[in-house]
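Remarks on the overall topology
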Amino acid sequence: MKRALRLLPLAVVDALALYGLMALGGQRRWWMFALLLAGSAAINWIYLSRRAVPAKYLAPGVLLLLVYQVYVVLYTGYAAFTNYGDGHNGTKADAVAAILAGSEVKVAGAVPYPIRVMERDGRLGLLVEGRPAAGWRPLTYGEIVARQAEIAALRQPADGGTLKTADGVTATLYRATLAYDAATGGITDGTTVYRDTGHGAFTAADGRSLSPGWKVFVGHENFTRVLTDAGIRGPFLEVLAWTFVFATLSVALSFGLGLALALVLDGHRVYRSLLIFPYAFPAFMAALLWQGLLNTDHGFVNDVLLGGARVPWLSDPWLAKLSVLLVNVWIAFPYMFLICTGALQAIPPALSDAAQMDGAGPWRVLRAIKLPLLLASTAPVLVATFAFNFNNFNVIYMLTGGGPRDASAPVDVGSTDLLISLVYKLAFGGTSRNYGLACAVSIVIFTVIAAVSLAGFRRARRLEAA
């Protein structure tokens, strides 16, 4: 009985894997089928074997690492070299079918046909006349209403055209105004030919394209577009510069404030405890709170502290930058305060005492002894904090949403956008999502952070050696 209970989770996993294998096999996604099959076999071997005891504990973590880290990174790298996005989501065959279906127009003078909607094994079809084939049954009125979207998508070839129904009772003849030539791989309307130019769309000689397109490999086009496309290069470089300024000043100001408070409040336990509250409060909630406090019309800062002034803290480009920076410092300085307090307490008091006996004043002791030792121990934390602020999506998104919007920019970008919020807008914002370009910018962010972190850690090792 105990063994059966232990094997129950494995049985559930195997059942889910079997369902996934059947679905992948039906869709002919053989490489994913092979990966799932191999993974399922490995899990069964690990948990049924008596020898693989360490693997039983490591397998869940490794599996989550592969799914949520390795796969995501690899897919991001793959998508960065494609035109994946709105209008380029599927295959070429899907694009052809959608274009031809979208070009269908009602035949002039066409008389509606009486039809019945039939179903067999979950599949739907239209019966125009005659008796249905074996296994097919007519849908009831309630089923027609429940499956209206599927019924409206049905197409029944007839008389050189297609029968379509909107009500499930009658169907009308439609004909496509475009035709696909499988020999040349192009689409024509009789006068203009739209050809596959290799960029994932059917394009005419005058540059007009049919929509939708399909996903294709475009090489380094997304990366070069960031720096060569006039509509993207300007906003991208402005956002890049502001991201560096925001991350650098956030680290410098929060560290400076945290260090000053650690020096001033040394020994004052109550005050030190009170300063932890901003750090204990969730960052995204703090940003939402400050959004209300800085409201131009009804915010506490304007109404109470400034006597009813109407300072546009979040709607003026420069004031919005200042507001975002100050709010981020308010959220971050308690962490730096804790780090500096611990680092200062780790410095042997004998060093300060010896310097004071040699005639050094408090400022000289701080500059020549405490600060170098402090930086040697906190440099890795400062590098990590810089990397975190470089991708500080929460504060930007919750406080300003990246705004105020730059109306002159051809892409959706605002004055306080960081690179990470720009990536979010490229991928999920607006009406034209460009996942490939967003993935390319993500790789650029990784490259910049990796370079800065490498330089910072090398500098930290030199400080430790000194």
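Structure report, in brief. (Residues numbered from 1 in each chain as written. Predicted model: local features only at pLDDT ≥ 70, side-chain atom pairs only at ≥ 80, totals over all residues. Heavy atoms only, no water.)

**Observations concerning the pairing of strand 4 (residues 123-127)**
The buried count for strand 4 comes to four of five residues, which makes it a mostly enclosed element. The pairing of strand 3 (residues 116-120) with strand 4 spans five bridges and is antiparallel. Looking at the pairing, Val 117 lines up with Leu 126 of strand 4. (Buried < 20%, exposed > 50% of the residue type's maximum accessible area, 1.4 Å probe, protein only. Helix = DSSP H or I, 4+ residues; strand = E, 2+ residues; numbered from the N terminus. Pairing = 2+ DSSP bridges.)

**A closer look at the sheet that holds strand 4**
Taken in spatial order, the three strands line up as 4-3-5 in an open sheet, and their pairing is antiparallel. Both edges of this open sheet fall to strand 4 and strand 5 (137-138), since each of them pairs with a single strand only. By the bridge criterion, two bridges tie strand 3 to strand 5 in an arrangement that is antiparallel. When the bridges of strand 5 are listed, Met 118 appears paired with Pro 138.

**Side note on helix 17 (residues 419-428)**
Among the ten residues of helix 17, seven are classified as buried, and the element is accordingly described as predominantly covered. If you check which residues of helix 17 are buried, you get Leu 419, Ser 421, Leu 422, Val 423, Lys 425, Leu 426 and Ala 427.

**Examining a nonpolar patch on the surface**
On the surface, a nonpolar cluster with roughly 940 Å² of combined accessible area is contributed by Leu 58, Val 62, Leu 63, Leu 64, Leu 65, Leu 66, Val 67, Tyr 68, Val 70 and Leu 74. Secondary-structure assignment places Leu 63 in helix 3 (residues 53-79). (Patch = residues over 30% accessible without salt bridge, like charges linked within 9 Å, V, L, I, M, F, W, Y side chains within 5 Å. Areas by Shrake-Rupley, 256 points an atom, 1.4 Å probe, with all protein chains shown as cover. Salt bridge = Lys/Arg side-chain N within 4 Å of Asp/Glu carboxyl O.)

**What about the pattern of salt bridges?**
Any two side chains of opposite charge can pair if their charged atoms end up close together. Considering all chains together, one arrives at twelve salt bridges under this definition. The network of salt bridges with common partners includes Glu 104, Arg 155 and Lys 164.

**Let's talk about the environment of Ser 103**
Looking at the element boundaries, Ser 103 is found in the loop between helix 4 (92-102) and strand 1 (104-106). Sequence separation of Ser 103 and Ser 323 is 220 residues, and the distance between their C-alpha atoms is 51 Å. Residues contacting Ser 103, with those up to four places away along its chain left out, are Arg 175, Ala 176, Thr 177 and Leu 178. At a separation of 3.5 Å, a polar atom in the side chain of Ser 103 contacts the main-chain amide nitrogen of Leu 178. (Contact = heavy atoms within 4.5 Å. Polar contact = N/O pair within 3.5 Å; in protein donor to acceptor, adjacent residues only side chain to side chain.)

**What to know about unusual backbone geometry**
Each neighbour pair has its own omega, and for Ser 211 with Pro 212 the value is 10°, a cis peptide bond. Looking at where Pro 212 falls in the secondary structure, it is placed in the loop between strand 12 (202-203) and helix 7 (221-228). Residue Pro 404 is reached from Gly 403 by a cis peptide bond, and omega for that bond is 5°. Looking at the element boundaries, Pro 404 is found in the loop between helix 16 (393-399) and helix 17.

**Points about the nonpolar core**
Of all hydrophobic cores here, the largest spans 38 residues; its most connected members are Phe 236, Phe 255, Leu 374, Phe 390, Leu 419, Val 441 and Ile 445. Only helix 8 (230-264), helix 13 (317-345), helix 15 (362-390), helix 17 and helix 18 (435-465) provide two or more residues apiece to this core. Of all the elements, helix 8 adds the most residues to this core, at nine residues. Residues in contact with Ile 445, not counting those within four places in the same chain, are Phe 390, Asn 391, Leu 419, Ile 420 and Val 423. Ranked by size, the runner-up nonpolar core spans 17 residues in total, among them Ala 286, Trp 313, Val 327 and Ile 331. (Core = buried A, V, L, I, M, F, W, Y, C linked by side-chain atoms within 4.5 Å.)

**Looking at the pairing of strand 7 (residues 161-165)**
Counted residue by residue, strand 7 has five buried out of five residues, so it is predominantly covered. By the bridge criterion, four bridges tie strand 7 to strand 8 (residues 170-176) in an arrangement that is antiparallel. Its bridge partner lying in strand 8, Leu 163 is registered against Leu 173. Hairpin remark: strand 7 followed by strand 8, antiparallel, with four residues in the connecting loop; positive phi at Gly 168, about 80°.

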